[in-house]
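# Residue-level structural notes
Next come the chains, spelled out residue by residue.
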Amino acid sequence: MTGPVVGVVGAGAVGQAVAAGLVSVALPERLVVVSRREAQVRGLVTDLQDLALTARSHTQVEAGSAADLRGCDAVVVALRSDFRFWLTFRGGLTDRNVDPL
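Below or above, wherever it landed, is the structure these notes cover. (Residues numbered from 1 in each chain as written. Predicted model: local features only at pLDDT ≥ 70, side-chain atom pairs only at ≥ 80, totals over all residues. Heavy atoms only, no water.)

### What about the environment of Gly15?
Assignment of secondary structure puts Gly15 in helix H1 (residues 13-24). By relative accessible area, Gly15 is classed as buried at 0%. Sequence separation between Gly15 and Val76 is 61 residues; the distance between their C-alpha atoms is 8.0 Å. Excluding residues that lie within four positions of it along the chain, Gly15 makes contacts with Val8, Gly10 and Ala78. (Helix = DSSP H or I, 4+ residues; strand = E, 2+ residues; numbered from the N terminus. Buried < 20%, exposed > 50% of the residue type's maximum accessible area, 1.4 Å probe, protein only. Contact = heavy atoms within 4.5 Å.)

### Description of the nonpolar core
Side chains that are nonpolar tend, in soluble globular proteins, to be buried together. Among the nonpolar cores identified, the biggest contains 14 residues, and Val23, Leu31, Val33, Leu48 and Val61 are the most heavily contacted of them. For this core, the element with the highest residue contribution is helix H2 (residues 38-54), accounting for five residues. Once residues lying within four places of it in the same chain are set aside, the contact partners of Leu31 are Val6, Val8, Ala19, Leu22, Val23, Leu48, Thr59, Gln60, Val61 and Glu62. In terms of nonpolar packing, the next biggest core, distinct from the first, is built from six residues, Val9, Val34, Leu69 and Cys72 among them. (Core = buried A, V, L, I, M, F, W, Y, C linked by side-chain atoms within 4.5 Å.)

### Here we look at the packing of H1 against H2
Closest axis-to-axis distance for the H1/H2 pair is 9 Å, and the angle between their directions is 25°. Taken together, H1 and H2 sit at an angle that is classed as roughly parallel. For the pair H1 and H2, the crossing hand works out as right-handed. From H1, Gln16, Ala19, Ala20, Val23 and Ser24 reach across to H2, where they touch Gln40, Leu44, Leu48, Leu51 and Ala52. Here the contact of H1 with H2 is built from residues that sort into seven nonpolar, three polar and no charged. (Axes fitted to C-alpha atoms, helices over the stretch in contact; angles between N-to-C directions. Parallel < 35°, antiparallel > 145°, perpendicular 65-115°, else oblique. Left-handed = near helix turned anticlockwise from the far one by under 90°. Nonpolar A, V, L, I, M, F, W, Y, C, P; charged D, E, K, R; others polar.)

### Let's talk about the pattern of salt bridges
Here the structure, examined in full by the defined rule, presents one salt bridge. A salt bridge links Arg30 to Glu62, with the shortest nitrogen-to-oxygen separation between them at 3.2 Å. Placement of Arg30 in strand E2 (residues 30-34) and of Glu62 in strand E3 (residues 60-63) is noted, with a sequence separation of 32 residues between them. (Salt bridge = Lys/Arg side-chain N within 4 Å of Asp/Glu carboxyl O.)

### Quick word on the environment of Arg36
By secondary structure assignment, the location of Arg36 is in the loop between E2 and H2. A relative accessible area of 81% places Arg36 in the exposed class. Put simply, Arg36 and Gly10 are 26 residues apart on the chain and 7.8 Å apart in space, counted from C-alpha to C-alpha.

### Points about the sheet that holds E3
What the four strands build is an open sheet, ordered E3-E2-E1-E4; its pairing is parallel. Taken across any chain shown, the strands that pair with only one partner, and hence form the sheet edges, are E3 and strand E4 (74-77). Taken pair by pair, the neighbouring strands of this sheet meet at an average axis angle of 20°, ignoring direction. When E2 meets E3, the two strands line up parallel, connected through four bridges. Looking across to E3, one finds that Val32 is bridged to Glu62. Packing of H1 onto the sheet brings it into contact with strand E1 (5-9), E2, E3 and E4, and relative to E1 it is tilted by some 160°. (Pairing = 2+ DSSP bridges.)

Spelled out as structure tokens, the structure:
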């Protein structure tokens, strides 16, 4: 492989949107999806492979592990957190939001 390799950490809504965008424009040659939720990663990888076929994208999509991210040219981190949007704007309670990392 000679093209860029991109990793996406997280298979939630943001990770799905980023990964689908990357596949649809065929930006990376290889896309590695990593998450603690194995069933969700398998489903997302299958959906992205279908998207690549439909969009005639050359991107190869695969599930991976944290170790697979070492070989990536770029990594997008889209972690889930207990962010409570409404607390931010109700009385300035920003200290109640949870840091994602």
